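Structural overview
Each chain is listed here by its residues.
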Amino acid sequence: MTDALVIETPADQETPAWWRQAVVYQIYPRSFADANGDGLGDIPGILSRVDYLAELGVDAVWLSPFYPSALADGGYDVADYRDVDPRLGTLADFDAMVEALHARGIRVVVDIVPNHTSNLHAWFQEALAAGRGSAARDRYIFREGTGPDGSEPPTDWQSTFGGGAWERVEDGQWYFHHFAVEQPDLNWANPEVREDFLETLRFWSDRGVDGFRIDVAHMLTKDLADPLPSSVELEAIPRDGNHPLFDRDDVHEVYAEWRKVFNSYDPPRTAVAEAWVETPERRAKYASADGLGQAFNFDLLVADFDATQFRTLITVNLAEALVTGSSTTWVLSNHDVTRHATRYGLPPLAGRRVKQGTEWVAAGGPEDQLDREGGLRRARAATLLLLGLPGSTYLYQGEELGLHEVAAITAEQRQDPAFFRGGAFDGLGRDGCRVPLPWTADGASFGFGSAGSHLPQPAWFAEYAVDAEASDPASTLSFYRRALALRHELQTGETLEWLETGREDVLRFVRPNGWQVVTNFGTEPFALDADTGAVVLSSGADAEASVPGETTVWIAPTA
Ligand code: NOJ
């Protein structure tokens, strides 16, 4: 790497908002900790692990949906936006959890799913009963079918999870669902829909929630005026603001209204958009201060462990933050993708699987090609690099234990609709990263709960259990704890300067306070100059005079 590049962001550094450089830990509630022994994680389970979260050193937690749901899509099919699933607890449990987290200085972010409801939501049940042309149906997207008797769907569009995107109801009309059949899309042109979500945002803000993660934030508004395009025609329409289904400019009118609600609280509530859009410029719109304020950057989810790819992505995303005034976000794992230790342990780009004939296979080779140790070594190096960058980092439960994806889940045990409909998300679906956490090396469901776990835990989970790792200074858990503690010293201004390394496979940058981050993506050690400073943390073997292969180090300036 040759050219030095200074990147600056315009953030107000005197009183930066809490979220700008926060570490946010994603909890998938049904798989975190099960307090009542029914095999499903719950809110009291989270409450019982607040000390663990505090010791880990996270600044905030983001809870995936915990609302009443038939679990057609792991809780992203919400039957009531202003309640807790009785299997997961009560609103009183939720309040107690927020209080305990706040008492330890941990903020709380909840998931809002505005594109679709569950088919069990009162509104959808009302729409079914009320019949065609009713006000209740206008909250959703109902259309007549095509063909002589209307028995063909309005269009040939495919849902994200595979299969058609329209479902027929008893009286012959069809409704649109981007995702599972049980997730009818809402009609965001309907003022009642808009008003109701403002109420939901106030409901959780009043309960002390600090921020929101907005599910598929780029899909809400639609232009479904007749004649509707075919899927081939749809595919050809650019996604640059006026596409019928994705990333329409008018969606930002919704978020401008939301912003007024967020800013009516002190401190203002925050939001982060899940928006899979075409370009960083399009993504920037979601991160603007008069909109949601921050947007996920998922670029690293689809990148290899590769210096050039990382450097480009870092540069582009920091430049984007300059434009929006937001801070950038970094993500290596979440509940929708193969865990990054596994992605980096398979041949390049093999984290996602492809279909060969009727079989789904890992894109880069079969599962037995997984290099467990190498994958984890690279994952730790990538994590430490990320934690050294300006911006906020989102961690996914279990990555702090170095967990790999669980592959040994039979078709009968699987839950993800994407698996059953053979659609997106790698063909095997997303259950492998949603297996309940191992808290203890022994005992029923590795300490998750007293009555087994809703997805099967493999025997190798014992090695990764919290109690086994907590007492081992070389464990991934100890490494994360140390990194998060040190990060508070490292994260000053939101800038970095790339430094010359003379090697294509080594990245090195310095932060405003003189801390340096060096990542050796290659296998040959990278020698450090004697006056560089002291290595305070290594993602791998101890490093002093040189950085071993596939390792990141943090270097603090000597006083
Ligand atoms: C994105 C969520 O992350 C994913 O888990 C869910 O299936 C879809 N949105 C639909 O809500």
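This text gives an overview of the structure that appears in the document.

1. Observations concerning the sheet that holds strand β7 (residues 174–176)
Ordered by their spatial adjacency, 3 strands build an open sheet running β5-β7-β6, and the pairing between neighbours is antiparallel. Looking at the sheet topology across the chains shown, the edges are occupied by β5 (142–143) and β6 (166–168). Across 3 bridges, β6 lies against β7 in antiparallel orientation. Bridge assignment links Trp166 to a residue of β7, and that residue is Phe176.

2. Considering the pairing of strand β3 (residues 60–63)
Along β3, one buried face is formed by Ala60 and Trp62 and the opposite face, lined by Val61 and Leu63, is buried too. Bridging between β3 and strand β4 (residues 107–112) involves 4 bridges; their strand directions are parallel. Of the residues in β4, the one forming a bridge with Trp62 is Val109. Read as a crossover between parallel neighbours, the route from β3 over helix α3 (residues 91–103) to β4 is right-handed.

3. Remarks on the site of the ligand
Around the ligand, the structure places 13 residues, and the nearest of them are Asp73, His116, Asp215, His335 and Asp336. At 2.6 Å, a side-chain N or O of Asp73 approaches an oxygen atom of the ligand. In the model, an oxygen atom of the ligand is placed 3.0 Å from a nitrogen or oxygen of the His116 side chain.

4. A word on the sheet that holds strand β8 (residues 211–214)
With parallel pairing, the 8 strands of this open sheet are ordered in space as β10-β9-β8-β4-β3-β2-β14-β11. Single-partner strands in this sheet number two, and they are β10 (293–295) and β11 (329–331). For this sheet the average axis-to-axis angle between neighbouring strands, irrespective of direction, equals 25°. Taken together, the 4 bridges between β4 and β8 define a ladder with parallel strand orientation. Each residue of the ladder has a partner; that of Ile112, found in β8, is Ile214. On top of the sheet, α3 reaches β3 and β4; it is set at about 140° to β4, its chief contact.

5. Some words on unusual backbone geometry
Note on backbone geometry: most residues besides glycine have negative phi, and most peptide bonds are trans. A cis amide bond links Asp226 with the next residue in sequence, Pro227, at an omega value of -5°. Within the secondary structure, Pro227 sits in the loop between β8 and α6 (231–236). The omega torsion of the bond from Asp266 to Pro267 falls at -5°, within 30 degrees of zero and hence cis. Position of Pro267 among the secondary structure elements: in the loop between α7 (251–263) and β9 (270–273). The phi dihedral of Ser445 falls on the positive side, at around 40°, and the residue is not glycine. Mapped onto the elements, Ser445 comes out in the loop between α12 (417–421) and α13 (466–470).

6. Describing α7
Helical geometry: 3.6 residues make up each α-helical turn, so side chains three or four residues apart lie on a common side. End to end, α7 covers 19 Å across 13 residues, agreeing with the expected 18 Å (1.5 Å per residue, within 8%). When α7 is considered as a whole, its buried residues turn out to be Val251, His252, Val254, Tyr255, Trp258, Arg259, Val261 and Phe262. Taken down its axis, α7 places every buried residue within 160° of arc, on the same side. At its buried positions, α7 is contacted by β4, α5 (191–206), β8, β9, α8 (280–286) and β10.

7. Some remarks on the packing of aromatic side chains
Using the criterion set out here, one finds 39 aromatic pairs in the structure. Consider the rings of Tyr67 and Trp204, whose centres lie 5.8 Å apart with planes at 50°: the pair is tilted. Taken together, the residues span a long stretch of sequence, with Tyr67 in the loop between β3 and α3 and Trp204 in helix α5 at a distance of 137 residues. Grouping residues by exposure puts Tyr67 and Trp204 together as buried. Connected via pairs of aromatic rings, a cluster forms that spans Tyr81, Trp188, Phe197, Tyr255, Trp258 and Tyr286.

8. Notes on the pairing of β9
Alternating residues of β9 divide into Thr270 and Val272 and Ala271 and Ala273, and every residue in both groups is buried. Across 4 bridges, the pairing between β8 and β9 is parallel. Among the inter-strand pairings, Ile214 is bridged to a residue of β9, identified as Ala273. Pairing of β9 with β10, which is carried by 3 bridges, proceeds in the parallel orientation. Bridge pairing in β10 links Ala273 to Ala295. Between β9 and its parallel partner β10, the chain crosses via α8, and the hand of that crossover is right-handed.

9. With respect to the pattern of salt bridges
Two side chains with opposite charge may pair up if their charged atoms get near one another. Tallied over the full model, the rule gives 32 salt bridges. As a salt-bridge pair, Arg30 and Asp85 come within 3.3 Å of each other at their nearest N and O atoms. One end of the pair, Arg30, is in the loop between β2 (23–27) and α1 (43–47); the other, Asp85, is in the loop between β3 and α3, with 55 residues separating them in the sequence. With respect to class, Arg30 is no different from Asp85; both count as buried. One salt bridge connects Arg378 with Glu550, and the closest N-O pair in it is separated by 2.8 Å. With Arg378 in helix α11 (residues 372–387) and Glu550 in the loop between β20 (546–547) and β21 (551–556), this residue pair connects regions lying 172 residues apart in the sequence. By sharing partners, the salt bridges in this structure join Asp73, Asp336, Asp416, Arg430 and Arg434 into a single network.

10. Considering the side chain of Arg508
Within the secondary structure, Arg508 is located in strand β16 (residues 506–510). Overall, the relative accessible area of 6% leaves Arg508 in the buried class. Within polar-contact distance, the side chain of Arg508 engages the side chain of Gln516 at 2.7 Å. Sequence-distant contacts of Arg508, that is, excluding residues within four places in its chain, are made with Glu497, Trp498, Leu499, Glu500, Thr501, Gln516, Val517, Val518, Phe526, Leu528, Asp529 and Thr532.

Conventions adopted
Residues numbered from 1 in each chain as written. Predicted model: local features only at pLDDT ≥ 70, side-chain atom pairs only at ≥ 80, totals over all residues. Heavy atoms only, no water. Pairing = 2+ DSSP bridges. Helix = DSSP H or I, 4+ residues; strand = E, 2+ residues; numbered from the N terminus. Buried < 20%, exposed > 50% of the residue type's maximum accessible area, 1.4 Å probe, protein only. Right-handed = clockwise from strand over helix to strand, strands pointing away. Near = heavy atom within 4 Å. Polar contact = N/O pair within 3.5 Å; in protein donor to acceptor, adjacent residues only side chain to side chain. Axes fitted to C-alpha atoms, helices over the stretch in contact; angles between N-to-C directions. Contact = heavy atoms within 4.5 Å. Expected span 1.5 Å × (residues − 1). Arc of directions from axis to C-beta. Phe/Tyr/Trp six-rings, centres within 6.5 Å; stacked < 30°, edge-to-face > 60°. Salt bridge = Lys/Arg side-chain N within 4 Å of Asp/Glu carboxyl O.

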